Protein chains: 2
Amino acid sequence: MPPIRYLTAKLAQQIDEELMSAAGAFSLDQLMELAGLACAQTLAKVYGKQTHEKVLVCCGPGNQGGDGLVAARHLSMFGYKPTIYMPKPGKKDIYQRLHTQCKNLSISTIDSISDLRNALNSHHAIMDAIFGFSFEPPVRAPFDEALPLIASSGLPTISVDIPSGWHVENGPIKLTREGGEELKGDAATGISPDVLISLTAPKEGVRVFKGRHFLGGRFISRELEKKFELNLPEYPGYEQIVELSAVSKGGEKL
Amino acid sequence: MPPIRYLTAKLAQQIDEELMSAAGAFSLDQLMELAGLACAQTLAKVYGKQTHEKVLVCCGPGNQGGDGLVAARHLSMFGYKPTIYMPKPGKKDIYQRLHTQCKNLSISTIDSISDLRNALNSHHAIMDAIFGFSFEPPVRAPFDEALPLIASSGLPTISVDIPSGWHVENGPIKLTREGGEELKGDAATGISPDVLISLTAPKEGVRVFKGRHFLGGRFISRELEKKFELNLPEYPGYEQIVELSAVSKGGEKL
């Protein structure tokens, strides 16, 4: 079987658009629900709740953050104790609904840097759902402060789709703040996660990722898969996630 | 632990309304996605695709049918070959979108009694998503003809939430056609499934059900569970379904 395809920004965008077009007929609610469920299941597969009960779910203002909110809810249903760090809530109605669903589960939300600092000392794992495939530097406030704190926390970290700060095609790149100053230390080139959950298909920039790599977003038709030559691996049984390193990665059988 | 609660029609209705109220903040798209996924996973758990590849998913015109459409899509993603029998498509926009998603997976849809008769001879299992908890006799055409055919097919059958034709509180009851004529034979009191997947919580009418009984719809908060004294069982790990007979059924430990 040919190796799985790594997507450019343009292709990733195009697939999302096709899925949600009149022809594809998916709603954002549906896709985000399945994506966020896959994120939560990946965390639960790798980090058991006995040892990693308290998970800090870091959410950006875009769709990535929406996936994070869905994941936080499912993690709570699984018996974890998630906290949401969301300093810049997205404005779309869907993010507000997803956030309300979390609040109904008594999941608390923090938004200040000092709360983030405290949370990093009291949680067992991080879900990084800050920036997605449309991220471009500079890193805007308050994420220019948050990213270094998260990156240097030493906590087990799982990134959603693309590690925050990475370029969707070029991977880890030198990050700058607004004004041009470079980010220093552990976050100089973005988050370095232990685990990655790619959604629908992995992106070009994550070819260099060396940790445990999962795929989720089991909603791509054979036709779409063929059209975009995705060469997706087979998901086991009725699972919503599949580990790529266990199948093949960059074409290499492991 | 106190036994799981069996819901009256009123309670089931109330829980759905709370979930989708401004306070609950769930969209129908989300709940139906998780419900339909649970239905598909239950079928996949009980009837492997090597032996039960061709599944006839029978959809009614209401939310039950919507769950069926979502399940058909996931079954196709799992590698099954589902066919949809949907003689009276629901009119809401969501059913049309869900149906389009199935058509994009090349899932075919039949609607005539003669096609249903043929399909029952060529499929390995049935998912019954025709009538839900708001069903009241009489059984309207064409379901007054379809129910007897499905019931007498001898195919392994899994019902969604409540077997079609059963009363949500009184269970199997004598069914009549419009005009008052009683249904005869295998469908005299509705479908007798081998497997049942209850959604959110089982309904009063299914207490007498003797087959394998699963629960899905893992989206009820502890608060809602407490408020309605649901006493839901614990779902294993990150699963979206739990088998009730393996936990306790009607309070009796098995």
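Scroll up a little and you will see the structure.
A brief look at the structure comes next.

Definitions and limits used
- Residues numbered from 1 in each chain as written.
- Chains lettered and ligands numbered in written order.
- Predicted model: local features only at pLDDT ≥ 70, side-chain atom pairs only at ≥ 80, totals over all residues.
- Heavy atoms only, no water.
- Helix = DSSP H or I, 4+ residues; strand = E, 2+ residues; numbered from the N terminus.
- Rg over C-alpha atoms; globule rule 2.2 N^0.38 Å.
- Buried < 20%, exposed > 50% of the residue type's maximum accessible area, 1.4 Å probe, protein only.
- Contact = heavy atoms within 4.5 Å.
- Areas by Shrake-Rupley, 256 points an atom, 1.4 Å probe, with all protein chains shown as cover.
- Lys, Arg positive; Asp, Glu negative; His and termini not counted.
- Charge placed at Lys NZ, Arg CZ, Asp CG, Glu CD.
- Buried area = accessible area lost by both parts, 1.4 Å probe.
- Salt bridge = Lys/Arg side-chain N within 4 Å of Asp/Glu carboxyl O.
- Polar contact = N/O pair within 3.5 Å; in protein donor to acceptor, adjacent residues only side chain to side chain.
- Nonpolar A, V, L, I, M, F, W, Y, C, P; charged D, E, K, R; others polar.
- 1 Å grid on protein atoms, 1.4 Å probe; cavity = no way out; pocket = protein on both sides within 12 Å on 5 of 7 lines; lining within 4 Å.
- Points joined across faces, edges and corners; volume = space filled by probe spheres on them.
- Least-squares fit on C-alpha atoms with pLDDT ≥ 70 in both.

## With respect to the overall build of chain A
Then, number 1: In terms of regular secondary structure, chain A is built from seven helices and 10 strands.
Then, number 2: Taking 254 residues into account, the globule formula puts the C-alpha radius of gyration at 18 Å, and chain A, at 17 Å, falls close to it.
Then, number 3: If you line up chain A on its principal axes, its C-alpha atoms span 50 × 40 × 35 Å.
Then, number 4: Split into buried and exposed, the 254 residues of chain A put 60% on the buried side.
Then, number 5: Long-range pairs, those at least 24 residues apart, make up 76% of the contacts in chain A with a sequence separation of at least 6.
Then, number 6: Here chain A has roughly 10,000 Å² of accessible surface; of this, 49% comes from carbon and sulfur atoms.
Then, number 7: Counting 27 positive and 29 negative side-chain charges, chain A places the averaged centre of each group 2 Å from the other.

## Details of the interface of chain A and chain B
Then, number 1: On the side of chain B, 36 residues touch chain A, which itself brings 36 residues to the contact.
Then, number 2: In total, about 2,900 Å² of surface goes out of reach between chain A and chain B, with carbon and sulfur atoms giving 54% of it.
Then, number 3: Its largest share of buried area at the contact with chain B, chain A owes to Gln30(A), Met77(A) and Tyr238(A), together 24% of the area lost on that side.
Then, number 4: Scanning the region where chain A abuts chain B turns up zero salt bridges.
Then, number 5: Counting across the interface, chain A meets chain B through 18 residue pairs in polar contact (both at pLDDT 80 or more).
Then, number 6: Every element with two or more residues in the side of chain A that touches chain B is listed here: α2 (28-46), α3 (63-77) and α4 (93-103) of chain A.
Then, number 7: The biggest single contributor to the side of chain A that touches chain B is α2(A), with eight residues.
Then, number 8: Class assignment of the residues belonging to the side of chain A that touches chain B gives a composition of 15 nonpolar, 11 polar and 10 charged.

## Thoughts on empty space enclosed by the protein
Then, number 1: Applying the stated rule across the entire model yields one cavity of 30 Å³ or more.
Then, number 2: Roughly 50 Å³ of volume is contained in the largest cavity.
Then, number 3: Broken down by class, the residue content of the lining of the largest cavity amounts to two nonpolar, four polar and two charged.

## Observations concerning the relation of the copies chain A and chain B
Then, number 1: Of the two same-sequence chains, chain A is brought onto chain B (RMSD 0.0 Å, axial shift 0.0 Å) by a rotation of 180 degrees. In symmetry terms, the pair is related by a two-fold rotation axis.
Then, number 2: Interface overlap between copies: 100% of the residues of chain A at the interface are likewise at the interface in chain B, consistent with a symmetric, same-surface contact.

## Regarding the side chain of Lys203(B)
Residues and elements named next belong to chain B.
Then, number 1: Secondary-structure assignment places lysine 203 in the loop between β6 (195-199) and β7 (212-216).
Then, number 2: The buried category is assigned to lysine 203, whose relative accessible area is 1%.
Then, number 3: Excluding residues within four positions of it along the chain, lysine 203 makes contact with Tyr6, Leu7, Ala12, Phe133, Asp161, Ile162 and Val168.

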